[in-house]
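Report on the structure
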Amino acid sequence: MNELEYLEKYLPKEKDLQSAIKRLEKGEPVQYIVGDVNFYGNRIKVNKNVLIPRRETEELVEKTTYYLKKMFKDSFSILDIGTGSGCIPITLKNFFPTCEVDAVDISKEALEVAKENALLNKVEINLIESDIFSNVHKKYDCIISNPPYIKEGEEIMDIVRNNEPSLALYAKEEGLYFYKKIIQNAKEYLNKKCLLAFEIGAQQGDDVVHIAKENFPSAKVLLEKDMQHLNRFVFILCE
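Residues numbered from 1 in each chain as written. Predicted model: local features only at pLDDT ≥ 70, side-chain atom pairs only at ≥ 80, totals over all residues. Heavy atoms only, no water.

Side note on the packing of aromatic side chains
For the record, the criterion: Only rings of Phe, Tyr and Trp enter the pairing, Trp through its six-membered ring, and a pair is recorded when the two centres are within 6.5 Å. The plane angle decides the type: under 30 degrees is stacked, over 60 is edge-to-face, the rest tilted. Throughout this description, buried means an accessible area under 20% of the type-specific maximum (1.4 Å probe, protein chains only), exposed means over 50%, and partly exposed covers the range between. The rule for a charge over a ring is simple: NZ of Lys or CZ of Arg within 6 Å of the ring centre, and within 35 degrees of the ring normal.
If you walk through the whole model with that rule in mind, you get 11 aromatic pairs. Ring geometry for Phe72 versus Phe76: centroids 5.3 Å apart, planes at 35°, classification tilted. Residue class for Phe76 comes out buried when judged on its relative accessible area of 6%. Ring pairs connect the aromatic residues Tyr40, Phe72, Phe76, Phe95 and Phe96, which therefore count as one cluster. The positively charged end of Lys172 is found above the aromatic ring belonging to Tyr177, 4.7 Å away from the centroid. Its guanidinium or amino end placed over the ring of Phe216, Lys187 lies 5.1 Å from that ring's centre, counting from NZ or CZ.

Pasting the structure below:
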């Protein structure tokens, strides 16, 4: 299905198709024009304040769910860092209704979108305005994150660079800033038995694994591929 077909199929009836086509021709992502996307069966509203959820992030959730089921029998707690639209914590809460799920973001505008999506999907998650751990004050069994990981100055598609929020795309230190900050400080916010789950850039696998092993030397650190056979996920298992 091309973008025009997608627009014609999913554009809400109250929106004018011709105006929508003009926005599409100007290079605006079709998902922003339609106003929502399907993420793992959930309807997730999106606008210019949040990233458009990708298939790879659905894979992150799927793999994380596998490890959570493997590691924990009873209820557990989850923290999502850099939640954006809230697609990750909403989906995990649907999978694990008895679990406590918190989600943080530095962007007030993103948190408003996440709040709307939680209501839309009838799940209860705790949303916290926080620069990584700055407003986090308890421990969790799982920390999950799809943080900004594009290197400053790196070439990316025009439609992404011109439309999606740079705050959610770019990271200092060759794209590794948030992995370092989260992993280096995570122990203070994790229980002894815990899981950390990350989506990463395809070329960042070795670097993120190194950061993980440096800070969690006794943990099992796994680098896994996405459906395109690219290195895309790092899992740190402390059992």
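Focus: the nonpolar core
Defined as follows: Among the buried residues, those of types Ala, Val, Leu, Ile, Met, Phe, Trp, Tyr and Cys that are joined through side-chain atoms within 4.5 Å form a nonpolar core. What counts as a helix is a DSSP run of H or I of at least four residues, what counts as a strand is a run of E of at least two, and both are numbered from the N terminus.
With 34 residues, the main nonpolar core has Leu68, Ile78, Leu195 and Phe235 as its most contacted residues. Among the elements of the structure, strand S1 (36–39), helix H4 (55–71), helix H5 (87–95), helix H6 (108–120), strand S6 (140–145), strand S9 (190–199) and strand S11 (231–238) are those that each provide at least two residues to this core. For this core, the leading source of residues is H4, giving five residues. Ranked by size, the runner-up nonpolar core spans 33 residues in total, among them Ile183, Ile200, Val209 and Ala212.

Examining the pairing of strand S5 (residues 126–129)
Condition: Strands are labelled as partners when DSSP assigns at least two bridges between them. Orient the strands so they point away from the viewer; a crossover is then right-handed if the path from the first strand over the helix to the second runs clockwise.
Relative to S5, strand S4 (residues 100–105) is paired through four bridges, and the arrangement is parallel. Looking across to S5, one finds that Val104 is bridged to Ile128. As for the winding sense of the linkage, the β-α-β connection from S4 through H6 to S5 is right-handed.

Regarding helix H8 (residues 177–185)
Structural remark: α-helix, 3.6 residues per turn; residues separated by three or four positions point the same way. To be explicit about the condition: Note on contacts: a residue pair qualifies if any of its non-hydrogen atoms lie within 4.5 Å across the two residues.
Looking at H8, one finds that the buried residues are Tyr177, Phe178, Tyr179, Ile182 and Ile183. In this structure, the buried side of H8 is in contact with strand S3 (77–81), S6, strand S8 (170–171), S9, helix H9 (205–215) and S11.

A closer look at H9
Put simply, the rule is: Think of the arc as the fan of directions from the helix axis to the C-beta atoms.
Within H9, the full set of buried residues consists of Gly205, Val208, Val209, Ile211, Ala212 and Asn215. Around the axis of H9, the buried residues are gathered within 160° of arc, so they sit on the same side. Relative to its buried face, H9 has exposed residues pointing more than 90 degrees away, namely Asp206 and Glu214. The inward-facing, buried residues of H9 abut H8, strand S10 (220–225) and S11.

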